[in-house]
Amino acid sequence: MENSRRSFLKLAGISALGLGTKPVLNAFASSGEKHGPEIFPNQEALTAKRWAMVIDTRKFESEEDLEPIIAACHKIHNVPKLKEKRHKIDWLWTDDFKHVFTYQEHEFVNDRVKHLPFLVLCNHCEKPACVRACPTKATFQRDDGIVLMDFHRCIGCRFCMAACPYGSRSFNFRDPRPFISEEDKNFPTRMKGVVEKCNFCAERLAVGKMPACVEASNGAIVVGDLHDPESEIRELLKNNYTIRRKPSLGAGPAIYYIV
Amino acid sequence: MLELAIKGGKKYWILIGGLLAVMGIAFVFWLWQLSFGLGITGMSRDVSWGFYIAQFTFLVGVAAGGVMVVLPYYLHDYKAFGRITILGEFLAIAAVIMCLMFIIADLGQPMRALNVIFYPTPGSVLFWDMIVLNVYLLLNIIVGWNVIEAERNNIKYPGWIKALAIFSIIWAPLIHTVTAFLYCGLPGRGFWLTAILAPRFLASAFAAGPALLILLCLIIRRVTKFDPGREQIQSLAKIVTYAIIINVFFFLCEIFVVFYSRIPSHMDHIKYLFFGLHGHGALVPWMWTAMAFMVTSIILLVNPVTRKNEAVLAFACVILFIGTWIDKGMGMISGGFVPNPLHHVVEYAPTIPEIIITLGVWATGFFILTILFKIAITVKEEVSGV
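Residues numbered from 1 in each chain as written. Chains lettered and ligands numbered in written order. Predicted model: local features only at pLDDT ≥ 70, side-chain atom pairs only at ≥ 80, totals over all residues. Heavy atoms only, no water.

Novice: Just to check I follow, could you spell out the overall build of chain B for this structure?
Specialist: Counting secondary structure elements, chain B contains 14 helices and 0 strands. Listing the helices and strands of chain B from first to last along the sequence gives α-α-α-α-α-α-α-α-α-α-α-α-α-α. For a compact globule of 386 residues, the expected C-alpha radius of gyration is about 21 Å, and chain B comes in at 21 Å, within 12% of that figure. Looking at the 386 residues of chain B, the share that counts as buried comes to 60%. Within the structure as shown, chain B displays about 15,000 Å² of accessible surface, and the carbon and sulfur contribution to it stands at 74%. Each charge class in chain B was averaged separately, 24 positive and 18 negative side chains, and the resulting centres sit 5 Å apart. (Helix = DSSP H or I, 4+ residues; strand = E, 2+ residues; numbered from the N terminus. Rg over C-alpha atoms; globule rule 2.2 N^0.38 Å. Buried < 20%, exposed > 50% of the residue type's maximum accessible area, 1.4 Å probe, protein only. Areas by Shrake-Rupley, 256 points an atom, 1.4 Å probe, with all protein chains shown as cover. Lys, Arg positive; Asp, Glu negative; His and termini not counted. Charge placed at Lys NZ, Arg CZ, Asp CG, Glu CD.)

Quick look at the structure:
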């Protein structure tokens, strides 16, 4: 008994010594030349100072026009199709004008707008409430404005879901993998207990591809750099009246709608 | 002193056994939740916080409410409360532990909980909530334990304990304020987006916490040889009276602002809770019950004749506790999510597994409370030599 306690103390002492010296050793190790791989940006990557999207809703007539766009997004991002409504996960979906543009509808709004389905997605806000709320920086904003999720850091507290004024976030209430019909190996699947949402196709922009919804939209959806006066998106914003969701909250959504 | 907790009569062990049984059953359900995910609860994409977070919010209040017996003693030298400050401190310990357990139960990835410390984010209110709750827990453990130990050894507690006790008095409102800030700083949730939320939380906390203490005192008097004292109970009752009146007053202030300004995004939640919205009104009977209970308790508490009758006082405390629990533990959280940001009414109701896990956490809290109170009261019985 006595013996084992002594040897335990010895071991603990040596361990403590080891732990104490590690930072010192690290300091020596890093004093030489740089180690590890160097990272170069992809020359083909699409970049912007501030990404934004314009959705020209005049080019859509019905749900059928929007379904392929949603399907394209959900397919490449392995978004599961859950049967239970409570557990639903959506990155891009549709809703009526009165729900998308809450409290902006009026009794005499024209028939086309009243019955037209509108695309809904993460707004990649300029001042994202979700990023402010997240206690682990699992959701964060890039310099170019895109709001992303680190699925491995998320603790699943869902503070971001309460914070988001647009209802753009989904939570994996159960293991999503059995509900992915065809897995795309180019994008990670998620596990239960983490939050997810539209990522503005950051993984596609990084290799020079336009977001999936843009490609599938026949020109109805345009993304580009808000800070570039020559960009197509600026041209669209200049020549058309656009609206955004809940502008009074001051979050600065980056998704603009031509109605 | 812990040894005092393992010497008890038959009734004590039946209580301990009963609580352990509930904890055990709930633990099995929690393991199920751990393996399946939070999908076994009634929560959804639309109502993404439910019963767990509501209990957490209510119990932060109970924890903070414990200060109402500590404050008069240490700050105003109100000697009578010296007998029962330990009960307030130990109640706070049990309540905060329940709060922390509800947070863990609510996490999608509980094994990653420490990420809050590994990647500290001072911009997030949850980060601060983690800090204030843990510090409050630690303060109450240190103060409570030292005070009762000093009492057992017939000496006065050391001076630094008094300093810590005063610090904990300042800290108590902080825990509930920060908890309110979790909700009231969020854009686009009209129900919570009001500066009265933190004061309202505090008022209901200072009503519900001491009301529970009164009930515990009455139980202690009946089942042990220690009498917390009639004066003490009556003083607590007055604190409860003021707090519950202020709570209802704050609520009515909110009602005026919301319904006179007639801003739909603020009105719709309250309409949903009290009248139903677009044909959905699961919480309507609950909310009116809560209001009726709170108002009835005010009538019984304000009147000195009824307040001084301990049987009536006990009844008033029971309905007050239930009323504030419904208000905060059921209406406050899901009410904020209905209607959702796209103005759909998606209702929420806890599932059976969710309720069992909730009961398990409450049982754990009462298990801790029973043990702590057992220790405290045995010491008091020893000292007074009864």
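Novice: Looking at this structure, I do not really get the side chain of A:Arg169. What am I missing?
Specialist: With respect to the secondary-structure elements, A:Arg169 resides in the loop between α6 (159-163) and β6 (170-171). Despite being buried, A:Arg169 has no salt bridge partner; A:Glu196 is the closest side chain of opposite charge, sitting 10 Å away. Of note is the side chain of A:Arg169, whose polar atom sits 2.7 Å from the side chain of A:Thr139. Filtering out sequence-adjacent residues up to four positions away, A:Arg169 remains in contact with A:Cys130, A:Thr139, A:Val147, A:Met149, A:Cys160, A:Met161, A:Cys164, A:Val195, A:Glu196, A:Lys197 and B:Arg45. (Salt bridge = Lys/Arg side-chain N within 4 Å of Asp/Glu carboxyl O. Polar contact = N/O pair within 3.5 Å; in protein donor to acceptor, adjacent residues only side chain to side chain. Contact = heavy atoms within 4.5 Å.)

Novice: Is there a simple way to think about a nonpolar patch on the surface in this case?
Specialist: Residues and elements named next belong to chain B. Nonpolar side chains collect at one region of the surface, where Leu114, Ile117, Phe118 and Tyr119 lie side by side and expose about 410 Å² of accessible area between them. Structurally, the position occupied by Tyr119 is in the loop between α5 (115-118) and α6 (125-152). Classification of Tyr119 as partly exposed rests on a relative accessible area of 30%. (Patch = residues over 30% accessible without salt bridge, like charges linked within 9 Å, V, L, I, M, F, W, Y side chains within 5 Å.)

Novice: Would you explain the packing of helix α7 (residues 159-184) of chain B against helix α8 (residues 197-223) of chain B in this entry?
Specialist: The geometry of a pair of packed helices is captured by two quantities: the angle between their axes and the separation between those axes. Residue and element names in this part refer to chain B. In the contact formed by α7 and α8, the axes pass within 8 Å of each other and the chain directions differ by 135°. As the angle between them shows, α7 and α8 are arranged oblique. Along this stretch, α7 crosses α8, giving a crossing that reads as right-handed. Residues Pro173, His176, Thr177, Thr179, Ala180, Phe181, Tyr183 and Cys184 of α7 touch α8, and the partners they reach there are Leu197, Ala198, Phe201, Leu202 and Ala205. Residue composition of the contact of α7 with α8, by class: 10 nonpolar, 3 polar and no charged. (Axes fitted to C-alpha atoms, helices over the stretch in contact; angles between N-to-C directions. Parallel < 35°, antiparallel > 145°, perpendicular 65-115°, else oblique. Left-handed = near helix turned anticlockwise from the far one by under 90°. Nonpolar A, V, L, I, M, F, W, Y, C, P; charged D, E, K, R; others polar.)

Novice: Looking at this structure, I do not really get the sheet that holds strand β8 (residues 221-225) of chain A. What am I missing?
Specialist: The pairing of strands in a sheet happens through backbone hydrogen bonds and is either parallel or antiparallel. Residues and elements named next belong to chain A. As summarised here, the arrangement of the 4 strands in space is β8-β1-β10-β9, forming an open sheet in which the pairing is mixed. Two strands lie at the open edges of the sheet, namely β8 and β9 (242-243), each paired on one side alone. Sheet topology places strand β1 (residues 51-56) next to β8; 5 bridges connect them, and they run antiparallel. Paired with Val54 across the bridge in β8 is Val222. Across the sheet, helix α9 (residues 232-239) touches β1, β8, β9 and β10 (255-258), and the angle it forms with β8 is around 115°. (Pairing = 2+ DSSP bridges.)

Novice: Hey, could you run me through the interface of chain B and chain A in this one?
Specialist: How big an interface is tends to be expressed through the accessible area that disappears when the partners come together. On the side of chain A, 50 residues touch chain B, which itself brings 43 residues to the contact. Carbon and sulfur atoms supply 56% of the area buried between chain B and chain A, which totals about 3,800 Å² over both sides. Of all residues in chain B, B:Arg45, B:Arg112 and B:Leu342 bury the most surface against chain A, accounting for 22% of the area lost on that side. On the surface where chain B and chain A come into contact, there are 1 salt bridge. A salt bridge links B:Asp106 to A:Arg158; the shortest N-O distance between them is 2.6 Å. Mapped by element, the contributors of at least two residues to the side of chain B that touches chain A are α1 (10-36), α5, α6 and α10 (264-274) of chain B. Across the side of chain B that touches chain A, the residue classes break down as 21 nonpolar, 17 polar and 5 charged. (Buried area = accessible area lost by both parts, 1.4 Å probe.)

Novice: Even after reading the chapter, I still don't get the packing of helix α11 (residues 284-302) of chain B against helix α13 (residues 310-337) of chain B, so can you show me in this structure?
Specialist: Residue and element names in this part refer to chain B. Remark: α11 packs on α13, axes separated minimally by 8 Å, with the N-to-C direction vectors making an angle of 145°. In terms of crossing hand, the pair formed by α11 and α13 is left-handed. Residue composition of the contact of α11 with α13, grouped by class: 16 nonpolar, 6 polar and 1 charged.

Novice: Would you mind showing me how to read the packing of aromatic side chains here?
Specialist: Centre distance and the angle of the planes are the two values used to describe a pair of aromatic rings. Tallied over the entire structure, the rule returns 31 aromatic pairs over all chains. On the basis of an interplanar angle of 85° and a centroid distance of 6.1 Å, the ring pair of B:Trp49 and B:Phe337 is categorised as edge-to-face. A residue pair is termed long-range when its members are at least 10 positions apart, and B:Trp49 in the loop between α1 and α2 (51-65) and B:Phe337 in helix α13 qualify at 288 residues. Each ring, one from B:Tyr73 and one from B:Tyr74, has its centre 4.8 Å from the other, and the planes form 80°; the classification is edge-to-face. The residues B:Tyr73 and B:Tyr74 share a single accessibility class, namely buried. Ring-pair connections join several aromatic residues into one group, and the members of that group are A:Phe159, B:Trp49, B:Tyr183, B:Trp192, B:Phe201 and B:Phe337. A:Arg153 extends its terminal NZ or CZ atom over the ring of B:Tyr119, reaching a point 3.4 Å from the ring centre. (Phe/Tyr/Trp six-rings, centres within 6.5 Å; stacked < 30°, edge-to-face > 60°. Lys NZ or Arg CZ within 6 Å of the ring centre and 35° of its normal.)

Novice: How should I be thinking about the pattern of salt bridges in this particular structure?
Specialist: Two side chains that carry opposite charge are able to pair once their charged atoms sit near each other. Residue and element names in this part refer to chain B. By the definition in use, this model includes 18 salt bridges over all chains. A salt bridge links Asp327 to Arg200, with the shortest nitrogen-to-oxygen separation between them at 3.6 Å. Placement of Asp327 in helix α13 and of Arg200 in helix α8 is noted, with a sequence separation of 127 residues between them. Residue Asp327 is classed as buried on the basis of its relative accessible area of 6%. Look at the salt bridges and you will find they share partners, linking Arg221, Asp227, Arg230 and Glu310 into a network.

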